[in-house]
Amino acid sequence: MKFSVSNTKIDVEAAKQTVADKHCGALVVFEGWIRDHNEGQAVERLEYEVYRPVAEKEGAKIIAEAHERYAISHALCIHREGLLELGECAVIVCVSSAHRDAAFDACRYIIDETKSRLPIWKKEHYVSGISEWVNCEQCAAAGHAHRHP
Amino acid sequence: MNIRVRYFALFREQTGCVSEAVSWSGGSAAELFKMMAAKHPLLKTQAAALVAINDEMCGWETPLNENDEALFFPPVAGG
């Protein structure tokens, strides 16, 4: 599976090995981690909701597009779902290629498209006890003043 | 025509339901959203919201057919 959703800890070394190739001189890895703050709020933990049927289909399309656009050999993306603690790896992208430029560009393309196209939502639970869906336009407009259940 | 609508994340919380059966005269996904927003006062149009029909991403202008399932996705935030 070039794109997958996981409800368990991502094995970074295993992910890197899946794109290993003796023809490749470059490996670019991007890891997205759970950080302890967002827009001035102290974050306690985070929850990802994923609609797998569409996320897996669109995720596979993104990987295929990266292969069409860039001279890469292998690409892989794994995204977590469920409750994650601070410091955990939420998403990993591994790209290998003969030369580094293509791997850097493709890695950037895959993570950017993953963030903007896949049906994945992130609910941040703050130290203050409030929790909010990230990218909720009403939250932004209200300056984080309203509560979600 | 008869269709189904499913709500995710914020939209599910705003409507208080996961999915519902809808009977309507037909039209685009955008028109369907507008109709459902009239039914659920907390459900608001968001510029970055996305839509899929029968598990395929599509544009808001896409028309629905009998027995289709529309999936309303609030602004996504993967990564």
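Described in the following lines is the structure provided in the data block. (Residues numbered from 1 in each chain as written. Chains lettered and ligands numbered in written order. Predicted model: local features only at pLDDT ≥ 70, side-chain atom pairs only at ≥ 80, totals over all residues. Heavy atoms only, no water.)

1. Side note on the overall build of chain B
Step number 1: Scanning chain B from N- to C-terminus turns up two helices and five strands.
Step number 2: The N-to-C order of helical and strand elements in chain B reads β-α-β-α-β-β-β.
Step number 3: For chain B, whose C-alpha radius of gyration is 12 Å, the value lies close to the compact-globule estimate of 12 Å for 79 residues.
Step number 4: The buried share among the 79 residues of chain B stands at 48%. (Helix = DSSP H or I, 4+ residues; strand = E, 2+ residues; numbered from the N terminus. Rg over C-alpha atoms; globule rule 2.2 N^0.38 Å. Buried < 20%, exposed > 50% of the residue type's maximum accessible area, 1.4 Å probe, protein only.)

2. Thoughts on the interface of chain A and chain B
Step number 1: Tallying the contact residues gives 27 residues for chain A and 24 residues for chain B.
Step number 2: For the chain A and chain B pair, buried surface summed over both sides reaches about 2200 Å², with 52% attributable to carbon and sulfur atoms.
Step number 3: Scanning the region where chain A abuts chain B turns up three salt bridges.
Step number 4: The salt bridge partner of A:Lys123 is B:Glu13, with a shortest N-O separation of 2.8 Å.
Step number 5: Inspection of the chain A/chain B interface yields 14 residue pairs in polar contact (both at pLDDT 80 or more).
Step number 6: Where the side of chain A that touches chain B is concerned, the elements lending two or more residues are β4 (41-50), α2 (52-69), α3 (100-117), β8 (120-126) and α4 (137-141) of chain A. (Contact = heavy atoms within 4.5 Å. Buried area = accessible area lost by both parts, 1.4 Å probe. Salt bridge = Lys/Arg side-chain N within 4 Å of Asp/Glu carboxyl O. Polar contact = N/O pair within 3.5 Å; in protein donor to acceptor, adjacent residues only side chain to side chain.)

3. Description of the pairing of strand β5 (residues 69-73) of chain B
Residue and element names in this part refer to chain B.
Step number 1: β5 sits mainly inside the fold: four of its five residues count as buried.
Step number 2: Taken together, the four bridges between strand β3 (residues 50-53) and β5 define a ladder with antiparallel strand orientation. Each bridged residue has a counterpart across the sheet, and for leucine 50 the counterpart in β5 is phenylalanine 73. (Pairing = 2+ DSSP bridges.)

4. Considering the sheet that holds strand β5 (residues 74-80) of chain A
Through backbone hydrogen bonds, the strands of a sheet pair up, either in parallel or in antiparallel fashion.
Residues and elements named next belong to chain A.
Step number 1: Spatially, four strands are ordered β1-β5-β7-β2 in an open sheet, and the strand pairing comes out mixed. Of all the strands in the sheet, the pair left with one neighbour each is β1 (3-6) and β2 (26-33). Adjacent strand axes in the sheet meet at a mean angle of 10 degrees when their direction is disregarded.
Step number 2: When β2 meets strand β7 (residues 89-97), the two strands line up antiparallel, connected through eight bridges. Of the residues in β7, the one forming a bridge with tryptophan 33 is cysteine 89.
Step number 3: Its contacts with the sheet place α2 against β1 and β5, and it is angled at close to 145 degrees to β1.
Step number 4: Across the face of the sheet, α3 comes into contact with β2, β5 and β7 while running at roughly 150 degrees to β7. (Axes fitted to C-alpha atoms, helices over the stretch in contact; angles between N-to-C directions.)

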